[in-house]
Amino acid sequence: QKEVEQNSGPLSVPEGAIASLNCTYSDRGSQSFFWYRQYSGKSPELIMFIYSNGDKEDGRFTAQLNKASQYVSLLIRDSQPSDSATYLCAVTPGTGGFKTIFGAGTRLFVKA
Amino acid sequence: AAGVIQSPRHLIKEKRETATLKCYPIPRHDTVYWYQQGPGQDPQFLISFYEKMQSDKGSIPDRFSAQQFSDYHSELNMSSLELGDSALYFCASSFGQGATNSPLHFGNGTRLTVT
């Protein structure tokens, strides 16, 4: 089992819809959770980070964390074609420190 | 705002050659990370440095080495290059004693092609 798992997609949603991206992790002691967006051939760009159970909203983005279920999600409201990218879930393990583990990413397509 | 600077952007080497990738972190960031990303793959953690000391090690081959210098820039040295080393190499930096609670900021990457 991979430490961080995501559905590779592609996930296709129409413009204006809500895109829901999901991620599970194996280390119950994981401390920090990040969502990165990556366009093809480009570097990952931080979208959201969340440390506590519950929801965190930033503009059109909402991150949700459920540590009991070892589950973190990202909701994108009013999806735009420019949101089409690969979304990487990243987790720092329970030992903390200096390693961030990435999931394989979910490819999102927003159709105009 | 200043970002993480990587050089070169593109590098073409032949098998068995050596390569050196450079990374300049965001000013005042004290931790540098190196990741390798193959086509269609997720970024794989190679190694990290905090305050010029190696802080964590991932799936870095023995043929690779890295260090962080007094000005906090870092270099990834790759020897005896193999075709499978062809990938995007990202450097990232963060502030505050590591990745816990401290998001990584990535450079634009170096695309290494080994022929």
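Residues numbered from 1 in each chain as written. Chains lettered and ligands numbered in written order. Predicted model: local features only at pLDDT ≥ 70, side-chain atom pairs only at ≥ 80, totals over all residues. Heavy atoms only, no water.

1. Observations regarding the overall build of chain B
The helix and strand tally for chain B stands at zero helices and eleven strands. The linear arrangement of helices and strands in chain B, starting from the amino end, is β-β-β-β-β-β-β-β-β-β-β. Projecting the C-alpha coordinates of chain B onto the three principal axes gives extents of approximately 40 × 25 × 25 Å. Within chain B, the proportion of its 115 residues that are buried is 50%. Counted over contacts in chain B with a minimum sequence separation of 6, partners at least 24 positions apart contribute 54%. (Helix = DSSP H or I, 4+ residues; strand = E, 2+ residues; numbered from the N terminus. Buried < 20%, exposed > 50% of the residue type's maximum accessible area, 1.4 Å probe, protein only. Contact = heavy atoms within 4.5 Å.)

2. Structural notes on the overall build of chain A
Counting its secondary structure elements, chain A contains zero helices and eleven strands. Element order for chain A, N to C, with α for helix and β for strand: β-β-β-β-β-β-β-β-β-β-β. Taken over the C-alpha trace, chain A has a radius of gyration of 13 Å; the compact-globule value for 112 residues is 13 Å, and the two agree within 12%. Taking the principal axes of the C-alpha coordinates as reference, chain A spans close to 45 × 30 × 20 Å. (Rg over C-alpha atoms; globule rule 2.2 N^0.38 Å.)

3. Some details on the sheet that holds strand β3 (residues 19-24) of chain B
Residue and element names in this part refer to chain B. Sheet architecture is open: four strands sit in the order β1-β3-β8-β7, paired in antiparallel fashion. The open sheet has two edge strands with one neighbour each: β1 (5-7) and β7 (64-68). Between one strand and the next, the sheet's axes are offset by a mean angle of 15°, whatever the strand orientation. Bridge count for β3 against strand β8 (residues 74-78) is five bridges, and the pairing is antiparallel. Bridge pairing in β8 links Thr20 to Asn77. (Pairing = 2+ DSSP bridges. Axes fitted to C-alpha atoms, helices over the stretch in contact; angles between N-to-C directions.)

4. As for the sheet that holds strand β6 (residues 54-58) of chain A
Residue and element names in this part refer to chain A. Taken together, the five strands give an open sheet; going across it, the order is β1-β3-β8-β7-β6, and neighbouring strands pair in antiparallel fashion. The strands lining the two open edges of the sheet, one partner per strand, are β1 (4-6) and β6. The mean inter-strand angle of the sheet, taken between neighbouring strand axes irrespective of direction, is 20°. For strand β7 (residues 61-66) and strand β8 (residues 71-76), the ladder comprises six bridges, and the chain directions are antiparallel. Residue pairing in the sheet places Gln64 in a bridge with Ser73 of β8.

5. Thoughts on the environment of A:Ala63
In this fold, A:Ala63 is placed in strand β7. Ignoring any residue separated from it by four or fewer positions in sequence, one finds A:Ala63 in contact with A:Trp35, A:Met48, A:Ile50, A:Gly54, A:Asp55, A:Lys56, A:Ser73 and A:Leu74.

6. So, the nonpolar core
A:Trp35, A:Val72, A:Leu74, A:Ile76 and A:Tyr87 are the most contacted members of the largest nonpolar core, which totals 24 residues. At the level of elements, β3 (19-25), β4 (32-38), β5 (45-50), β7, β8, β9 (85-92) and β11 (106-111) of chain A are the ones that each hand at least two residues to this core. Dropping the residues within four chain positions of it, A:Ile76 is found in contact with A:Ala17, A:Ile18, A:Ala19, A:Leu21, A:Arg60, A:Phe61, A:Asp83, A:Tyr87 and A:Leu108. The next biggest cluster of nonpolar side chains, apart from the first, holds 22 residues, and it includes B:Leu11, B:Leu21, B:Ala66 and B:Cys91. (Core = buried A, V, L, I, M, F, W, Y, C linked by side-chain atoms within 4.5 Å.)

7. Side note on the interface of chain B and chain A
By convention, interface size is frequently given as the accessible area that disappears when the constituent parts associate. Listed per partner, the contact involves 26 residues of chain B and 23 residues of chain A. Together chain B and chain A conceal approximately 1,900 Å² of surface at their shared face, both sides included; 56% is due to carbon and sulfur atoms. If you look at where chain B meets chain A, you find four residue pairs in polar contact (both at pLDDT 80 or more). The greatest single-element share of the side of chain B that touches chain A, amounting to four residues, is contributed by strand β4 (residues 31-37) of chain B. Taken together, the residues of the side of chain B that touches chain A break down into eleven nonpolar, eleven polar and four charged. (Buried area = accessible area lost by both parts, 1.4 Å probe. Polar contact = N/O pair within 3.5 Å; in protein donor to acceptor, adjacent residues only side chain to side chain. Nonpolar A, V, L, I, M, F, W, Y, C, P; charged D, E, K, R; others polar.)

8. A look at the side chain of A:Ser43
Residue placement: A:Ser43 occurs in the loop between β4 and β5. Judged by relative accessible area, which is 14%, A:Ser43 ranks as buried. A polar contact is formed between the side chain of A:Ser43 and the backbone oxygen of B:Gly107, at a distance of 3.1 Å. Look past the residues within four positions of A:Ser43 in its chain and what remains in contact with it is A:Arg37, A:Gln38, B:Phe90, B:Phe106, B:Gly107 and B:Asn108.

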